Amino acid sequence: MSEATVERGAEILRVDRLNKWYGSYHALRDVTLTVAVGERVVICGPSGSGKSSLIRCINGIEGFDTGTLEACGTSLGRSATAAQLMTVRRRIGMVFQEFNLFPHLSVLENCTLAPVATGLLRPPEAEVMALQLLERVRLVDQARKYPSELSGGQQQRAAIARALCMKPRLMLFDEPTSALDPETVKEVLDTIVQLAEEGMTMVCVSHEMGFARQVADRIVFMDEGQVLEIASPQEFFAAPAHDRSTAFLGSLLRS
Amino acid sequence: MRYVASARIEAAAPPRSSVSRIERIRALFFSSPASTLATVLLALACATLAAQLFTWGIRDAVFSTARAPQTCRVAGVGACWAVIGEKLRLILFGTYPYAEQWRPAVAMLSLLAMYVVSAQPRFWNRRLPLAWAVTLAAFALLMFGGVLGLSYVPDDRWGGLPVTLILATLGLVAGFALAIPLALVRHSPGGGIAKALVVAYIELARSVPLLAVLFLASVMIPLFLPQGMDVSKLLRVIIAFALFTAAYLAEVVRSGLMAVPVGQRQAAAALGLSPFVVTTRIVLPQALTAVLPALVNVFIAFFKATSIVVVVGIFDLMTAAKRAAADAQWEGFGTEIYLFVAAVYFVFCYAMSWYSARLQAARDPARRA
């Protein structure tokens, strides 16, 4: 896609000894992680383990206290300017657990707003691209509808299309299926898998272990704000190295 | 115990609505002896009042201005609507020079036309503010005159409905325009001097009666202005009005800002939108839609509150009505004049209320069919 000059394998995200506190609560503890272009990383762990905090630090939706974070060539931190944050966010797409579509805009307007408002595309071009992407997530027939008229799964696919309209180099998914009915989880996961197969670099927080096994190049297991294990899916699911990884996988199997 | 369904239950049409209209009326008005008694008594009272109103207001009323007010003074005659016909131009235009009253009429009609145009979403584009600027300039040109062969009429000779309308329009529009930045600053996270000033301003403005603010604007401010600098009383009162309404509207807008989920801001920011775009395209549209009924509530309240400018000597619709009722020749027909003025206020206020309900329905996606 865009920025074809960035070769596969180059580093797109570097997180180094990141620490974050909410008041006196130590939410992220010395988190270190790098992601290369083309790589698919799935972050898992029990709730409250800091997965969402971490992914929200990557595009600066949340700040952190110590450590360094460099995403798409820009260093984020306390000294990052508003302009730097905007630049990074335009290169990183994000999909939220609660979809967060704009309810006062149609699906198509949700998709075209950002490319036009940021000067990336002119309105007619943005509409053409938005319709192409809505076609890809199989929503082109819903383009004129409003988010409240769509099912949860359709809303989440629309949110994916909205993020893709900014031609991101990296996609972040923050528990994209946790707010969905079990029946509609699959249609959203299929969309993400398709995106992964097309070579999109992604970091995904997910509880869907089948999905993780299918798309991930690496699994990151977190607990209590700490990265406890980083492994390939084969290693992680066959022989988790950390006691708590074992316990976590066990708890998922029992449920 | 085990249960396994043995047959498929086919879909069937829903049962007919179990309550007929007659049953519903019975449940509402005649559910018990006490309810029946109350219904009968109230119905009788309403019928009596309506009959009397009809007799006074229509059957025995005098409509023709010919030979009035003598015809109105005959015993047994009802309402004297002739006084409205006689005093209409005084009520509508006050003491504006009689021969020039086509000017306030045209000015007022162009304002009304702009209300109708602005109410329609298909005209909501960049040309609308321009059209408003042109209309307001035309309004000032017509009312003041002094150019194009129109005689000059100072604003202390303006009166009646155009004054009420321009006071309400400029006061509310300017107040609303000011309320949005005030609300945004007050809603912003963190502290800072700007926020402290805004909070102080809003709380102060809300703690002072409108009457005091109007006296301040009309009597005190000129004392502080340097010699030779003269701002007309009407303009001072409009500014005072705008500053006062801004404080109330700011709090309504702020409650709308609080109603927008934090995820909306996050999603907009995550797309790389600038804070300005996030605010104007994502947050404000949702916030204002959420508080539309409350906004219109304030608009209606302040439209009616414009009538208290009578105490500082602005000649608005209410002042004009008082003046009309004070005519010795037509003494005793104040009721008719005030009823007429009440009807004018009602038309404007009800139009606002009706329009907000319609707009709310159109902009609320959940209610869109």
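Since the model is a prediction, treat every value here as computed from it, not as a measurement. (Residues numbered from 1 in each chain as written. Chains lettered and ligands numbered in written order. Predicted model: local features only at pLDDT ≥ 70, side-chain atom pairs only at ≥ 80, totals over all residues. Heavy atoms only, no water.)

(A) Summary view of the confidence of the model for chain A. On average, residues of chain A carry a pLDDT of 90, and 96% of them reach 70 or more. A low-confidence stretch, residues 1–5 of chain A (pLDDT under 50), is modelled with 3 contacts involving residues beyond four sequence positions or located in other chains. (pLDDT = per-residue confidence, 0-100. Contact = heavy atoms within 4.5 Å.)

(B) Molecular detail of the nonpolar core. Among the nonpolar cores identified, the biggest contains 127 residues, and A:Leu13, A:Leu18, A:Leu54 and A:Leu69 are the most heavily contacted of them. Of all the elements, helix α10 (residues 233–259) of chain B adds the most residues to this core, at 13 residues. When near neighbours in sequence (up to four residues on either side) are disregarded, A:Leu69 contacts A:Leu13, A:Arg14, A:Val15, A:Leu18, A:Cys57, A:Ile58, A:Phe64, A:Thr74, A:Ser75 and A:Leu76. Counting 51 residues, the second-largest nonpolar core is a separate cluster that includes A:Ala130, A:Ala143, A:Ala158 and A:Leu189. (Core = buried A, V, L, I, M, F, W, Y, C linked by side-chain atoms within 4.5 Å. Buried < 20%, exposed > 50% of the residue type's maximum accessible area, 1.4 Å probe, protein only. Helix = DSSP H or I, 4+ residues; strand = E, 2+ residues; numbered from the N terminus.)

(C) Structural detail: the pairing of strand β8 (residues 201–205) of chain A. Residues and elements named next belong to chain A. Burial within β8 is extensive, with 5 of its 5 residues counted as buried. The alternating pattern of β8 places Thr201, Val203 and Val205 on one face and Met202 and Cys204 on the opposite face, and all of these are buried. Where strand β7 (residues 170–174) and β8 come together, 5 bridges link them in parallel fashion. Following the sheet pairing, aspartate 174 is matched in β8 by valine 205. (Pairing = 2+ DSSP bridges.)

(D) Region of the structure containing the sheet that holds strand β5 (residues 74–76) of chain A. Residues and elements named next belong to chain A. Read across the open sheet, the 4 strands follow the order β2-β1-β4-β5; overall the sheet is antiparallel. Of all strands in the sheet, those bounded by a partner on one side alone are β2 (25–36) and β5. The sheet shows a mean angle of 20° between the axes of neighbouring strands, taken without regard to direction. By the bridge criterion, 8 bridges tie strand β1 (residues 11–22) to β2 in an arrangement that is antiparallel. Within β2, the position partnered with tyrosine 22 by the bridge is tyrosine 25. Helix-sheet contacts for helix α1 (residues 51–58) involve β1, β2, β4 (66–71) and β5, and the interaxial angle to β1 is about 125°. Its contacts with the sheet put helix α2 (residues 82–91) on β4 and β5, and the angle it makes with β5 is roughly 115°. (Axes fitted to C-alpha atoms, helices over the stretch in contact; angles between N-to-C directions.)

(E) Seen up close, the pairing of strand β10 (residues 226–231) of chain A. Residue and element names in this part refer to chain A. By the bridge criterion, 5 bridges tie strand β9 (residues 218–223) to β10 in an arrangement that is antiparallel. The residue of β10 that forms the bridge with methionine 222 is valine 227. In textbook terms, the turn of a hairpin is the stretch between consecutive antiparallel strands, and for β9 and β10 this stretch comprises 2 residues, one of which, glutamate 224, has a positive phi near 50°.

(F) Inspection of the pattern of salt bridges at higher detail. Residue and element names in this part refer to chain A. Tallying each qualifying case throughout the model produces 19 salt bridges over all chains. With a shortest N-O distance of 3.2 Å, arginine 56 and aspartate 174 are connected by a salt bridge. With arginine 56 in helix α1 and aspartate 174 in strand β7, the pair connects residues that are 118 residues apart, well separated along the chain. For arginine 56, a relative accessible area of 15% gives the class buried. Where arginine 136 meets glutamate 198, a salt bridge forms, and the shortest distance between an N and an O atom there is 2.5 Å. (Salt bridge = Lys/Arg side-chain N within 4 Å of Asp/Glu carboxyl O.)

(G) Inspection of the layout of surface pockets at higher detail. Residue and element names in this part refer to chain B. Here the largest pocket is characterised by a volume of approximately 1,800 Å³. Along the wall of the largest pocket there are 34 residues; nearest its centre are Ser118, Trp124, Phe176, Phe299 and Tyr355. Only α5 (102–118), α6 (127–144), α7 (161–187), α12 (275–290), α13 (292–305) and α15 (334–363) provide two or more residues apiece to the lining of the largest pocket. Top contributing element to the lining of the largest pocket by residue count: α15, with 9 residues. Residues belonging to the lining of the largest pocket are distributed by class as follows: 27 nonpolar, 5 polar and 2 charged. (1 Å grid on protein atoms, 1.4 Å probe; cavity = no way out; pocket = protein on both sides within 12 Å on 5 of 7 lines; lining within 4 Å. Points joined across faces, edges and corners; volume = space filled by probe spheres on them. Nonpolar A, V, L, I, M, F, W, Y, C, P; charged D, E, K, R; others polar.)

(H) The arrangement of the interface of chain B and chain A in detail. Across the boundary between the two partners, chain B contributes 21 residues, which contact 25 residues of chain A. Carbon and sulfur atoms make up 66% of the surface buried where chain B meets chain A, a total of about 1,900 Å² over both sides. Between the two partners, chain B and chain A, sit 0 salt bridges. Here chain B and chain A share 5 residue pairs in polar contact (both at pLDDT 80 or more) between them. Contributions of two or more residues to the side of chain B that touches chain A are made by α11 (262–270) and α12 of chain B. Per element, the largest residue contribution to the side of chain B that touches chain A is 7 residues, and it comes from α11(B). Split by residue class, the side of chain B that touches chain A holds 13 nonpolar, 6 polar and 2 charged. (Buried area = accessible area lost by both parts, 1.4 Å probe. Polar contact = N/O pair within 3.5 Å; in protein donor to acceptor, adjacent residues only side chain to side chain.)

(I) Up close: the side chain of B:Lys195. All names here are of chain B. You can see lysine 195 is positioned in helix α8 (residues 193–207). No salt bridge is formed by the buried lysine 195, whose closest oppositely charged neighbour, glutamate 251, lies at an N-O distance of 11 Å. A polar contact of 2.6 Å, which involves the side chain of lysine 195, links it to the backbone oxygen of serine 188. Excluding residues within four positions of it along the chain, lysine 195 makes contact with Val185, Arg186, Ser188, Pro189 and Gly190. (Lys, Arg positive; Asp, Glu negative; His and termini not counted.)

(J) α5(B), seen in detail. Residue and element names in this part refer to chain B. Look at α5: 24 Å from first C-alpha to last across 17 residues, which is about the 24 Å you get at 1.5 Å a residue. Among the residues of α5, Arg103, Pro104, Ala107, Met108, Leu111, Met114 and Ser118 are the ones counted as buried. Down the axis of α5, the buried side of the element spans an arc of 130°, and every buried residue falls inside it. Counted as exposed and oriented over 90 degrees from the buried face of α5: Leu109 and Val116. (Expected span 1.5 Å × (residues − 1). Arc of directions from axis to C-beta.)

(K) Expanded view of helix α4 (residues 123–136) of chain A. Residue and element names in this part refer to chain A. Here α4 spans 20 Å end to end across 14 residues, near enough to the 20 Å set by a 1.5 Å rise per residue. All of the buried residues in α4 are Ala126, Met129, Ala130, Leu133 and Leu134. Down the axis of α4, the smallest arc covering the buried residues is 140°, so these residues share one side. When the buried face of α4 is taken as reference, the exposed residues oriented beyond 90 degrees from it are Pro124, Gln132 and Glu135. Along its buried surface, α4 packs onto α3 (107–117) and α5 (152–164). In the stretch just after α4, arginine 138 is the one whose phi turns positive, near 55°.

(L) How the structure looks around the side chain of A:Lys20. Residue and element names in this part refer to chain A. Following the sequence through the fold, lysine 20 ends up in strand β1. A relative accessible area of 8% means that lysine 20 is categorised as buried. Reaching out from lysine 20, the side chain makes a polar contact with the backbone oxygen of glycine 63 at a distance of 2.8 Å. Sequence-distant contacts of lysine 20, that is, excluding residues within four places in its chain, are made with Tyr25, His26, Ala27, Leu28, Cys57, Glu62, Gly63, Phe64 and Asp65.

(M) Main features of the environment of A:Asp223. Residue and element names in this part refer to chain A. Relative to the elements of secondary structure, aspartate 223 occurs in strand β9. Residue class for aspartate 223 comes out buried when judged on its relative accessible area of 13%. Along the chain, aspartate 223 and threonine 81 lie 142 residues apart, while their C-alpha atoms are 31 Å from each other. Those residues within four positions of aspartate 223 in sequence are excluded, and the remaining contacts are Pro46, Ser49, Leu228 and Arg244.

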